[in-house]
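As a plain string of letters, each chain reads:
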Amino acid sequence: MVDGALRAIADDPSLQLTLVGPADAADAVLAAVHPAQRHRLTSVLGGTAADAVAAGRADALVSAGDTAVTVLSAARALGRWPGIRRPPLAAVLPTAAGRLVLLDVGSTVDPDAETLATHARLGAAYAAAVLGLDQPRVGLLTIGTERGKGDRLRKAAARLLEDLPLNYAGLVEGGDVVLGRAADVVVTDGFTGNVLLKALEAANNPKKADETPAAVLLGVPGIVVVCHGAATSGDLASGIAFAADLHRRHRIDVVQRGIA
């Protein structure tokens, strides 16, 4: 965490960081920064990072801590967009054909069909905002591409997706996530999505310079970026830069307008 914060500060001259957590970690960052740059760092010992965003003291939250705690803290402090019960984590993945949005990758491990349908809408709006696609193709991850494949959850979700005003591409398999030719957005439950994400990250190591090993929480009125617990200092710096870019380009506002 300390090295990641230092890298982020060094890479972005206009970045300002508020450090929320143990005093010794914050002190280590402050001590390692050049005195001329210390005005760009502050530390908070009482409260949470989500509280700082909710109060307007920060523009984004980045965490590599427990995903469930981060998501719950963000939802409680920031609230949710209208119609969103369970905000998903979305990740942009490299594919053979370009890039693809995968969600959920760890927030909602036991969704119902209606939740998956809502996540599909969020994923399509996010793909339009970050990938520049007018009509992103949305696929549902399951065990086969034939109609009716999958468990009861997938079968019920497929029926709902067929009726939504989306560019629904139908059912997709794990290999389609790697190839990226069948869909631009792939929807699944957070358990399956997290397992798939970590497998793909391990297979794609080392990562390319423009790949961000972080996910964004969609459906809350604020920017929340989650890095996993095995993140390196470079991964954390990349996650911080990703959060700053989301803020500067107003990406989350665009997503919210897209599903309004």
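Residues numbered from 1 in each chain as written. Predicted model: local features only at pLDDT ≥ 70, side-chain atom pairs only at ≥ 80, totals over all residues. Heavy atoms only, no water.

**Details of the side chain of Arg 40**
Within the element layout of this structure, Arg 40 appears in the loop between α2 (23-32) and β2 (41-44). At a separation of 3.5 Å, a polar atom in the side chain of Arg 40 contacts the main-chain carbonyl oxygen of Pro 13. Sequence-distant contacts of Arg 40, defined by excluding residues within four places in its chain, comprise Ile 9, Asp 12, Pro 13, Ser 14, Leu 15, Gln 16 and Leu 17. (Helix = DSSP H or I, 4+ residues; strand = E, 2+ residues; numbered from the N terminus. Polar contact = N/O pair within 3.5 Å; in protein donor to acceptor, adjacent residues only side chain to side chain. Contact = heavy atoms within 4.5 Å.)

**Comments concerning the domain arrangement of the protein chain**
Here the protein chain is partitioned into domain 1 (1-79 + 221-259) and domain 2 (85-213). A C-alpha centroid distance of 26 Å is found between domain 1 and domain 2. Each partner contributes to the interface: domain 1 provides 15 residues, whereas domain 2 provides 14 residues. Of the roughly 1300 Å² buried between domain 1 and domain 2 on both sides combined, carbon and sulfur atoms contribute 67%. Interface area lost by domain 1 to domain 2 is led by His 228, Val 255 and Ile 259, which between them contribute 35%. The tally of links from domain 1 across to domain 2 stands at zero salt bridges. Joining domain 1 to domain 2, the criterion identifies three residue pairs in polar contact (both at pLDDT 80 or more). Elements with a contribution of two residues or more to the side of domain 1 that touches domain 2: α4 (67-78), α9 (233-248) and α10 (251-259). (Domains from an automatic or database assignment. Buried area = accessible area lost by both parts, 1.4 Å probe. Salt bridge = Lys/Arg side-chain N within 4 Å of Asp/Glu carboxyl O.)

**Here we look at the pattern of salt bridges**
A side chain of one charge can pair with a side chain of the opposite charge when the charged atoms of the two come close. What the rule picks out here adds up to eight salt bridges. We note a salt bridge from Arg 248 to Asp 12, for which the minimum N-O separation is 2.8 Å. Linking Arg 248 in helix α9 with Asp 12 in the loop between α1 (2-11) and β1 (17-20), this pair joins segments that are 236 residues apart in sequence. What makes Asp 12 buried here is its relative accessible area of 15%. The salt bridge involving Arg 86 is made with Asp 110; its shortest N-O contact spans 2.6 Å. (Buried < 20%, exposed > 50% of the residue type's maximum accessible area, 1.4 Å probe, protein only.)

**Some words on the sheet that holds strand β9 (residues 215-217)**
Across the sheet, eight strands lie side by side as β3-β10-β9-β4-β5-β8-β6-β7; this open sheet has mixed pairing. Lying at the two open borders of the sheet, with one neighbouring strand each, are β3 (60-63) and β7 (167-172). Neighbouring strand axes in the sheet, compared pairwise and without regard to direction, differ in orientation by 25 degrees on average. Inspection of the sheet shows strand β4 (residues 89-94) paired to strand β5 (residues 99-103) by five bridges, in the antiparallel sense. Across the sheet, Ala 91 pairs through a bridge with Leu 102, a residue of β5. In the packing of helix α5 (residues 113-131) onto the sheet, contacts are made with β4, β5, β6 (137-141), β8 (185-187) and β9, and the angle to β5 comes to roughly 150 degrees. Here helix α6 (residues 152-163) sits on the sheet and contacts β6 and β7; the angle it forms with β6, its principal contact strand, is near 165 degrees. (Pairing = 2+ DSSP bridges. Axes fitted to C-alpha atoms, helices over the stretch in contact; angles between N-to-C directions.)

**Side note on unusual backbone geometry**
In this model, Leu 103 is joined to Asp 104 through a cis peptide bond whose omega is 0 degrees. In this fold, Asp 104 is placed in the loop between β5 and α5. The phi dihedral of His 250 falls on the positive side, at around 55 degrees, and the residue is not glycine.

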